[in-house]
Amino acid sequence: MVDILNTFVAIILSVVALTPIFLLVVLLNKTNIKPSTDPSVIKKLEDMDTTIANDTNNALDQVSAKLEDFEVRIAELEEKSNITKVKGFNK
């Protein structure tokens, strides 16, 4: 019984001692990895972002202009429809 208890305690102590060491090694390995943030890559991404933003703004301006044109055309059609009234079916 004492041998079983000694074995059980030895296993628990080895886990308690080895787990922090293992986690420390993993943590140190992760901190040694150099980040891949090259300034030229960041500059390219910023340029692409600016290009996308400018193209999106241009497209939205074109859509806005077309919507304003449609509103003017609709207003003209409404004015014409008020001038020439269509008579409905009379019985």
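A brief look at the structure comes next. (Residues numbered from 1 in each chain as written. Predicted model: local features only at pLDDT ≥ 70, side-chain atom pairs only at ≥ 80, totals over all residues. Heavy atoms only, no water.)

1. What about the overall build of the protein?
Secondary structure summary: the protein contains 2 helices and 0 strands in total. Accessible surface, the protein: about 9100 Å² in total, of which carbon and sulfur atoms supply 67%. (Helix = DSSP H or I, 4+ residues; strand = E, 2+ residues; numbered from the N terminus. Areas by Shrake-Rupley, 256 points an atom, 1.4 Å probe, with all protein chains shown as cover.)

2. Digging into the pattern of salt bridges
Applying the stated criterion to the full structure yields 2 salt bridges. Lys 43 is the partner of Asp 47 in a salt bridge, and the nearest nitrogen-oxygen pair spans 3.4 Å. Within this pair, Asp 47 and its partner Lys 43 are both found in helix α2 (residues 39-83), separated by 4 residues, close to a single helical turn. Overall, the relative accessible area of 47% leaves Lys 43 in the partly exposed class. Across the pair Asp 69 and Arg 73 runs a salt bridge whose closest N-O atoms are separated by 3.1 Å. With Asp 69 and Arg 73 both in helix α2 and 4 residues apart, the pair spans about one turn of that helix. Looking at Asp 69, the relative accessible area reads 34%, which means it is partly exposed. (Salt bridge = Lys/Arg side-chain N within 4 Å of Asp/Glu carboxyl O. Buried < 20%, exposed > 50% of the residue type's maximum accessible area, 1.4 Å probe, protein only.)

3. So, a nonpolar patch on the surface
Taken together, the side chains of Leu 5, Phe 8, Val 9, Ile 12, Leu 13 and Val 16 make up a nonpolar region of the molecular surface, amounting to roughly 570 Å² of accessible area. Assignment of secondary structure puts Val 16 in helix α1 (residues 2-31). The class of Val 16 is exposed, set by a relative accessible area of 54%. (Patch = residues over 30% accessible without salt bridge, like charges linked within 9 Å, V, L, I, M, F, W, Y side chains within 5 Å.)

Don't take any of this as a statement about function, it's just geometry.
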